[in-house]
Amino acid sequence: MTQPLEQTPQRQKTLWWQRGIIYQIYPRSFQDSSGDGVGDLEGIRSRLPYLASLGIGAIWISPIYPSPMADFGYDVADYSGIEPMFGTFQDFDKLLAEAHALGLKVVLDLVPNHSSEMNAWFLESRSSRDNPKRDWYIWKDATPDGGPPNNWLAWFGGSGWEWDEKTGQYYFHQFLKEQPDLNWRNPEVRGAIFEAMRFWLNKGVDGFRVDVIWLLAKDELWRDEPPNPDYAKGQISFNKLLHIHTQNQPDTHEYIRQMRAVLEEYGERMMVGEIFTPLETLVSYYGAGDECHMPFNFSLILKTLDSYTEWNARVIRDLVDRYDALCGAGWPNYVLGNHDQPRFKSRFGFENARAATLMLLTLRGTPTFYYGDEIGMVNGVIPRERIQDPFAGDVESAGRDPERTPMQWDGGQNAGFSSAEPWLPINPDFQTVNVAAQEADPHSDLNFFRALTQLRNSSEALMVGAYRSLERHPDVFAYLRGKGILVVLNFGGETLELDLSSVAEKANLLLSTRMVEPRALDLKALRLEPHEGLVLSI
Ligand code: ISL
C-alpha cells in the first residue's frame, strides 16, 4: 500500500503522477495540422513547446484509436491502432518521443467497458450465435413477449438492450447502441484488453485514464434495477432507475487488480479511473494499493450525477476535508473540468475562475486540468444545426459540445486552430481570449497559470505537504500545506479583513490571483479583495 507522503523516508519516493499536473487534451479540438477542421497528433506535437511552457507534468489524450466517431472516439474499432483522421503510428511515436524529451509524460485513454459496433470483435460476435467471440459481448434472449431481458437503461437514453435481427438476441450497451459492452466475465476479453495495454506500454506510454472503470462488471443474475424515488422531471432519463446492478459491482475490483498487475510489469506507470460515485465508495477503488493509482475525484464538479457543486466556501471546505481524510493512504486528486462537463469558468462564475484554479493547484493531490482552461475558455455557443454530441438528444441542449470547442490559439482565422471550418464552432470570445494575446500580457490568465505552476513545482509543501483547513469567515476557505504554506481564498464579493495571527504573525505573499507584487503581510489584519486567492509562505 502506498505510504502517506509525510511518512515516506525520502521525498524522491514520490512519483511523477503525484507531483505533476495532468493536462487533458481532447484531440479533435486542440490543433489541426492536416486542414480538415479536426485536430490531430501532429497538431499536438507542434504545440509541445507551449505545453511544456505551462509547467505541467503529463498530457492525457482522449481516445486516438480507429473509430467511427459515434461517440467521438469513445467507440473504439481497434484497440491497437491509430485513427487515420488523427494521424499515423509514425506521428504517434514522434509525439511520444518529443514529449518525453521535454519531460512530459503521456497518458492514453483506455475504453475497456465497451467497443465500437465496428470493432472486428463485435462484427464476429454478432455474425452468428456459435461464433467463438459470441460470448465476448453480452447477448441475451428476449422475454417470452419479445421484450428486452430486463429494465436496464443506457446513459444516453432509452433501453440498454438492442435487438439483433439476424441472430435473434439482444445485446447490452450502457452508452450508445453503437457501443456494445464487452463481457468482462470472459477471461479472453480481459486478456485481449490486457494485450492492448501492453501494446501501448511497450511503445512507452506512461499510463492510462480508464473510461467508466466502475461499470466493468454487471450483475450475474441480470436483475431489474429499482426505480429511483428521487427522480425529478428534467433529469436525464437514465436517472429513472437506481443502478445497483450495473455500477460498482464487487467483481469490478478484481478486474481492476488484474489491470493494475499489467501496469506493474512496467514499473512507474499510472492508472487513473473514471468513476462517479460518492466519496466513501470512490476511495474503495484504491484497493489495498493494488487497484487504481487514482480514482478520479469529481466532487469539485458534481454534487450528485445531476447537480453541480456550488462555489461556496463551506461546501467546498467540507468536501475537501472529508475527501482528504477518506483517502487514507491513497493519493488524492482533484478535477475541475473535462470533455463531459461545462467549463468551470462558466459554472463557478467568471470572477471566481482564478481563485478556483489557484485552489485546484494548491490542494493536496494531483490536479487534472482541461485544455483551454488556462486561458479562461468558457462554454461555447453551439447553434442547433451544428450540434455534434449524440448525448444532446436526451438532455435537450447542446450536450457536451460547449466544452469541446477548439483551442483558441490566436485572434486570426479559426483562432489558429485550423485552416478549414472547425468541426465545432470557435467561441465568439476568441479575439480576446487566446494564447497569443495572453502571451503578450504579463497579467493574463495564461501567465497567472504559469506563475502558479512555477510556484507549485518549486514548493515541496505544495506538491506533497499535508493539508489542514482553518475554521474562519463563512466566505473564506483557508488551509495550510506542509509546514510553510498558507492558502486563503475569498469566495465572496466583499473585501474582507481577517485575523490569521494564530497561524503566524507575518507572512510573505507568494502569489495573488490579482498578480500583485510579492511582499510581506501582517496576518493580524490580512486584507482580501473580492474573489481573491492568496498563496503565502509562513
Ligand atoms: O457526459 C456525461 C454527462 O455529462 C457522463 O454521463 C458521461 O457519459 C459518463 O460519465 C461516462 O463518460 C465516459 O464514457 C462515455 C463517453 O461518452 C464520455 O465522453 C466518457 O468520458 C462513454 O465512453
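These numbers were taken from a predicted model, which means no experiment stands behind them.

The next subject is the overall build of the protein. When its secondary structure is counted, the protein shows 15 helices and 21 strands. The C-alpha atoms of the protein give 23 Å as radius of gyration, which agrees with the globular expectation for 538 residues (24 Å, within 12%). In terms of overall dimensions, the protein has a C-alpha envelope of 75 × 50 × 50 Å along the principal axes. In the protein, which comprises 538 residues, the share counted as buried stands at 61%.

With that out of the way, let us pick up the pattern of salt bridges. Under the criterion given, the structure shown has 38 salt bridges. The shortest N-O distance in the salt bridge between Arg400 and Asp71 comes to 3.1 Å. On the criterion of sequence distance, the pair formed by Arg400 in the loop between helix H12 (392-395) and helix H13 (435-439) and Asp71 in the loop between strand E2 (58-61) and helix H4 (89-101) is long-range, its members being 329 residues apart. By the burial criterion, Arg400 is buried, and Asp71 matches it. The closest approach of N and O atoms between Asp499 and Lys524, which form a salt bridge, is 3.3 Å. Of this pair, Asp499 sits in the loop between strand E17 (496-498) and strand E18 (506-512) while Lys524 sits in the loop between strand E19 (520-522) and strand E20 (526-528), and the two are 25 residues apart along the sequence. What emerges from the salt-bridge pattern is a single network uniting Asp71, Asp340, Asp389, Arg400 and Arg404.

The next point concerns helix H9 (residues 313-327). If you check H9, its first and last C-alpha atoms are 21 Å apart, about what 15 residues at 1.5 Å a residue would give, namely 21 Å. Residues of H9 that are buried include every one of Ala313, Ile316, Arg317, Leu319, Val320, Tyr323, Asp324 and Cys327, and no others. Its side-chain oxygen at 2.9 Å from the backbone nitrogen of Arg314, Asn312 defines the N-terminal cap of H9. Where H9 terminates, the next one or two residues include Gly328, which has phi positive at roughly 55 degrees.

This part takes up the environment of Ser459. Here Ser459 is to be found in the loop between helix H14 (445-457) and helix H15 (460-464). Linking Ser459 and Glu517, residues 58 residues apart in sequence, is a C-alpha distance of 19 Å.

On to the packing of aromatic side chains. Any two aromatic rings considered together are summarised by their centre-to-centre distance and by the angle between their planes. Following the criterion strictly, the structure yields 42 aromatic pairs and no others. Arranged with centres 5.4 Å apart and planes meeting at 40 degrees, the rings of Trp152 and Trp222 form a pair that is tilted. With Trp152 in the loop between strand E4 (139-140) and strand E5 (161-164) and Trp222 in the loop between strand E7 (207-210) and helix H7 (250-264), this pair connects stretches of sequence that are 70 residues apart. Summarising the aromatic geometry, the rings of Phe344 and Phe369 are spaced 6.4 Å apart at their centres and angled 65 degrees between planes, so their arrangement reads as edge-to-face. Placement of the pair is Phe344 in helix H10 (residues 344-348) and Phe369 in strand E13 (residues 366-370), with a sequence separation of 25 residues. Judged by its relative accessible area of 2%, Phe344 is buried. Members of the aromatic cluster, joined through ring pairs, are Tyr23, Phe30, Tyr50, Tyr370, Tyr371 and Trp409. Taking the ring centre of Trp409 as reference, the NZ or CZ of Arg47 above it sits at 3.7 Å. Over the face of the ring belonging to Phe348 we find Arg347, whose NZ or CZ atom lies 5.0 Å from the ring centre.

Moving on to the site of the ligand. In the vicinity of the ligand there are 18 residues, among which Asp71, His114, Asp211, Phe276 and Asp340 approach most closely. One nitrogen or oxygen atom from the side chain of Asp71 is found 2.5 Å from an oxygen atom belonging to the ligand. A distance of 2.8 Å separates an oxygen atom of the ligand from a polar atom in the side chain of Asp211. Protein contacts shield 94% of the accessible area of the ligand, which totals 490 Å² for the unbound molecule. Its residues placed into classes, the shell around the ligand shows 7 nonpolar, 4 polar and 7 charged.

For the pair H4 and helix H6 (residues 187-203), the least separation of the axes is 11 Å and the interaxial angle reads 55 degrees. If you check the angle between H4 and H6, you find them oblique. Residues Phe89, Phe92, Asp93 and Leu96 of H4 form the contact with H6, whose own contacting residues are Phe199, Trp200 and Lys203. Among the residues forming the contact of H4 with H6, the class breakdown is 5 nonpolar, no polar and 2 charged.

What follows is about the domain arrangement of the protein. When its domains are assigned, the protein resolves into domain 1 (21-115 + 187-454) and domain 2 (120-172). With centres defined by C-alpha atoms, the gap from domain 1 to domain 2 works out at 29 Å. On the domain 2 side, the residues contacting the 28 residues of domain 1 number 18 residues. Interface of domain 1 and domain 2: buried area, both sides summed, is about 2,000 Å²; carbon and sulfur atoms make up 70% of it. A per-residue breakdown of the area domain 1 buries against domain 2 is headed by Val189, Trp222 and Phe238, which together make up 30% of the total. At the junction of domain 1 and domain 2, the tally comes to 0 salt bridges.

Let us now look at the confidence of the model for the protein. Averaged over the protein, the pLDDT score is 96; the fraction of residues at 70 or greater is 97%. Overall, residues 1-12 carries pLDDT values under 50, and its contacts beyond four positions in sequence, including any with other chains, amount to 18 contacts.

Turning our eyes to something else, we now look at the sheet that holds E5. Read from one edge of the open sheet, 3 strands run E4-E6-E5, paired in antiparallel fashion. In the strand order of this sheet, the two ends are held by E4 and E5, each with one partner. Relative to strand E6 (residues 169-172), E5 runs antiparallel, the two sharing 4 bridges. Considered in E6, the bridge of Glu162 is made with Tyr171.

Moving on to the environment of Asp340. Take Asp340: it is sitting in the loop between strand E12 (333-335) and H10. On the basis of relative accessibility, which here comes to 17%, the residue Asp340 falls in the buried class. When residues no more than four places from it in sequence are discounted, the contact partners of Asp340 are Glu274, Arg400, Glu403 and Arg404. A distance of 3.3 Å separates polar atoms of two side chains, one belonging to Asp340 and the other to Arg400.

Bringing the sheet that holds strand E15 (residues 476-481) into the picture now. Pairing is antiparallel in the open sheet, where 6 strands are placed in the order E14-E15-E16-E21-E18-E19. Only two strands of the sheet have a single neighbouring strand rather than two, namely strand E14 (467-470) and E19. Within the sheet, the average angular offset between the axes of one strand and its neighbour, ignoring direction, is 35 degrees. Here strand E16 (residues 485-490) runs beside strand E21 (residues 533-537); their pairing, made up of 5 bridges, is antiparallel. Within E21, the position partnered with Val487 by the bridge is Val535.

About the criteria used
Residues numbered from 1 in each chain as written. Predicted model: local features only at pLDDT ≥ 70, side-chain atom pairs only at ≥ 80, totals over all residues. Heavy atoms only, no water. Helix = DSSP H or I, 4+ residues; strand = E, 2+ residues; numbered from the N terminus. Rg over C-alpha atoms; globule rule 2.2 N^0.38 Å. Buried < 20%, exposed > 50% of the residue type's maximum accessible area, 1.4 Å probe, protein only. Salt bridge = Lys/Arg side-chain N within 4 Å of Asp/Glu carboxyl O. Expected span 1.5 Å × (residues − 1). Polar contact = N/O pair within 3.5 Å; in protein donor to acceptor, adjacent residues only side chain to side chain. Phe/Tyr/Trp six-rings, centres within 6.5 Å; stacked < 30°, edge-to-face > 60°. Lys NZ or Arg CZ within 6 Å of the ring centre and 35° of its normal. Near = heavy atom within 4 Å. Areas by Shrake-Rupley, 256 points an atom, 1.4 Å probe, with all protein chains shown as cover. Nonpolar A, V, L, I, M, F, W, Y, C, P; charged D, E, K, R; others polar. Axes fitted to C-alpha atoms, helices over the stretch in contact; angles between N-to-C directions. Parallel < 35°, antiparallel > 145°, perpendicular 65-115°, else oblique. Contact = heavy atoms within 4.5 Å. Domains from an automatic or database assignment. Buried area = accessible area lost by both parts, 1.4 Å probe. pLDDT = per-residue confidence, 0-100. Pairing = 2+ DSSP bridges.

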